[in-house]
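Observations on the three-dimensional arrangement
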Amino acid sequence: MPAEKNRNVRKRVCVIDGQGGGIGSTVIKYIKAAYGEKIELIALGTNAIAASQMLRAGANKCASGENAICHTTAQADCIVGPVTITWANAMLGEVTPKMAAAVSSSTAFKLLLPLYQENAEIVGVVAEPLPHLVQTLVEKRLQEVLDHV
């Protein structure tokens, strides 16, 4: 009986962003258009403005701050955001070391977009505009990940 009940549980996808929430809002709009209410879409902002913007974009729930990110990522099936959500002190210091550790340590599958403003480069990654990256994430990778978590 419990296995039957678990089949009806929606997959939990956490979208994490900071600063103004523009990247996260774009990701949420695309995911919401593709999946509707088939998944639980949780917006996690490093600050309240980012969380609020992502909620307006269509997330089912939102929260902000270090504790919310640390607590919620531990319960996620998939985490989506810019690669910098795994870097301590990224986004002008908004990503705390505890946030970065929580995201990196989560058992959730991570789909990370190669977007960063820090003084770093990921060699071998092709620079693409945000809409192209998000389209690839939603149309090609997210369904594969959700089928296996």
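Use the structure listed above.
All of the points below concern the structure found in this document. These figures come from a predicted structure and were not determined experimentally.

**With respect to the nonpolar core**
Counting 24 residues, the largest nonpolar core has Val15, Ile28, Ile31, Cys78 and Val80 as the members making the most contacts within it. Elements with a minimum of two residues in this core: strand 1 (11-17), helix 2 (22-35), strand 2 (39-45), strand 4 (78-82), strand 5 (109-113) and helix 6 (130-148). Ranked by the residues each element gives to this core, the list is headed by helix 6, at eight residues. Discounting chain neighbours no more than four positions away, the residues touching Ile28 are Val15, Leu41, Ala43, Met54, Ala57, Gly58 and Ala59. Residues Ile42, Ile85, Val95 and Ala108 belong to the second largest nonpolar core, which totals 15 residues.

**Side note on the side chain of Thr72**
With respect to the helices and strands, Thr72 occurs in helix 4 (residues 66-73). A polar contact is formed between the side chain of Thr72 and the backbone oxygen of Ala68, at a distance of 2.8 Å. Beyond its immediate chain neighbours, meaning those up to four positions away, Thr72 contacts Cys14, Ile42 and Leu44.

**Describing helix 3 (residues 48-56)**
Taken together, the buried positions of helix 3 are Ala50, Ala51 and Met54. Seen along its axis, helix 3 keeps its buried residues to an arc of 100°; they face one direction. Across helix 3 from its buried face, at more than 90 degrees, point the exposed residues Ala48, Ile49 and Arg56. Where helix 3 is buried, its residues contact strand 1, helix 2, strand 2 and strand 3 (61-64). The backbone nitrogen of Ile49 has a side-chain oxygen 2.9 Å away, supplied by the residue at the start of helix 3, namely Asn47. One or two residues past the end of helix 3 sits Gly58, with phi positive at roughly 125°.

Conventions used here
Residues numbered from 1 in each chain as written. Predicted model: local features only at pLDDT ≥ 70, side-chain atom pairs only at ≥ 80, totals over all residues. Heavy atoms only, no water. Core = buried A, V, L, I, M, F, W, Y, C linked by side-chain atoms within 4.5 Å. Buried < 20%, exposed > 50% of the residue type's maximum accessible area, 1.4 Å probe, protein only. Helix = DSSP H or I, 4+ residues; strand = E, 2+ residues; numbered from the N terminus. Contact = heavy atoms within 4.5 Å. Polar contact = N/O pair within 3.5 Å; in protein donor to acceptor, adjacent residues only side chain to side chain. Arc of directions from axis to C-beta.

No statement about biological role is implied by the geometric values presented.
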